[in-house]
Amino acid sequence: MAHTKSAGSTKYGRDSQPKYLGVKKYDGETVKVGDIIIRQRGSKFFAGIGVRKGADDTLFSLLVGKVKFTTRRKNNFDGSVKRVNVVNVLA
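Computed from a predicted structure; not experimentally measured.

**As for the pattern of salt bridges**
Logical step 1: Across all of its chains, the model carries 2 salt bridges by this definition.
Logical step 2: A salt bridge links Arg39 to Asp56; the shortest N-O distance between them is 3.4 Å. With Arg39 in strand β3 (residues 36-39) and Asp56 in the loop between β5 (51-53) and β6 (59-61), this pair connects stretches of sequence that are 17 residues apart.
Logical step 3: With a relative accessible area of 35%, Asp56 lands in the partly exposed category.
Logical step 4: Residue Lys53 is joined to Asp57 by a salt bridge in which the shortest nitrogen-to-oxygen separation is 3.4 Å.
Logical step 5: A relative accessible area of 18% means that Asp57 is categorised as buried.

Below, the structure is given as structure tokens:
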């Protein structure tokens, strides 16, 4: 009786599909309503004027205009302050 599985059956044969995360529209580019600006996991970039955050943290445009990246100071719960990246769409 064989103690190893037959050929072709391994436990390492799985791999996940790529998620294609990252910035899709850069500073100064023109966007339409609903265009995806950034695909992300978590809040690396925050939604500003004319931008909304989807359920999977994707940032998309609400306006027709140009993308503008800025920084903002954000207060944490412990009172410390950090700089965060904010994405805006200016009409």
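**Remarks on the pairing of β3**
Logical step 1: Looking at chain direction, strand β1 (residues 22-23) and β3 are connected through 2 bridges and run antiparallel. Bridge pairing in β3 links Gly22 to Arg39.
Logical step 2: Strand direction decides the pairing type here: β3 and β6, joined by 2 bridges, are antiparallel. Pairing of Ile36 across the sheet is with Phe60, part of β6.

**Topic: the side chain of Ser61**
Logical step 1: Looking at the element boundaries, Ser61 is found in strand β6.
Logical step 2: Here Ser61 falls in the buried class, since its relative accessible area comes to 1%.
Logical step 3: Of the polar contacts made by the side chain of Ser61, one reaches the backbone oxygen of Lys32; its length is 3.3 Å.
Logical step 4: Within the local environment of Ser61, its side chain forms a polar contact with the backbone oxygen of Leu63, the two atoms lying 2.6 Å apart.
Logical step 5: Each residue touching Ser61, except ones within four places of it in the same chain, is listed here: Val31, Lys32, Val33, Gly34, Asp35, Ile37, Gly50 and Val89.

**As for the sheet that holds strand β8 (residues 81-90)**
Logical step 1: If you trace the 4 strands from one edge of the open sheet to the other, you get β2-β7-β8-β4, paired in mixed fashion. Each edge of the open sheet carries a strand with a single partner, namely β2 (30-31) and β4 (45-47).
Logical step 2: Of the pairings in the sheet, the one linking β4 to β8 comprises 3 bridges and is parallel in character. Residue pairing for β8: Phe46 is matched across the bridge by Val86.

**Here's the deal with the packing of aromatic side chains**
Logical step 1: Inspection of the entire model under this criterion finds 1 aromatic pair.
Logical step 2: With a centroid separation of 5.9 Å and 70° between ring planes, the pair formed by Phe45 and Phe69 is classed as edge-to-face. One end of the pair, Phe45, is in strand β4; the other, Phe69, is in strand β7 (residues 65-75), and 24 residues separate them in sequence.
Logical step 3: For Phe69, a relative accessible area of 22% corresponds to the partly exposed category.

Conventions adopted
Residues numbered from 1 in each chain as written. Predicted model: local features only at pLDDT ≥ 70, side-chain atom pairs only at ≥ 80, totals over all residues. Heavy atoms only, no water. Salt bridge = Lys/Arg side-chain N within 4 Å of Asp/Glu carboxyl O. Helix = DSSP H or I, 4+ residues; strand = E, 2+ residues; numbered from the N terminus. Buried < 20%, exposed > 50% of the residue type's maximum accessible area, 1.4 Å probe, protein only. Pairing = 2+ DSSP bridges. Polar contact = N/O pair within 3.5 Å; in protein donor to acceptor, adjacent residues only side chain to side chain. Contact = heavy atoms within 4.5 Å. Phe/Tyr/Trp six-rings, centres within 6.5 Å; stacked < 30°, edge-to-face > 60°.

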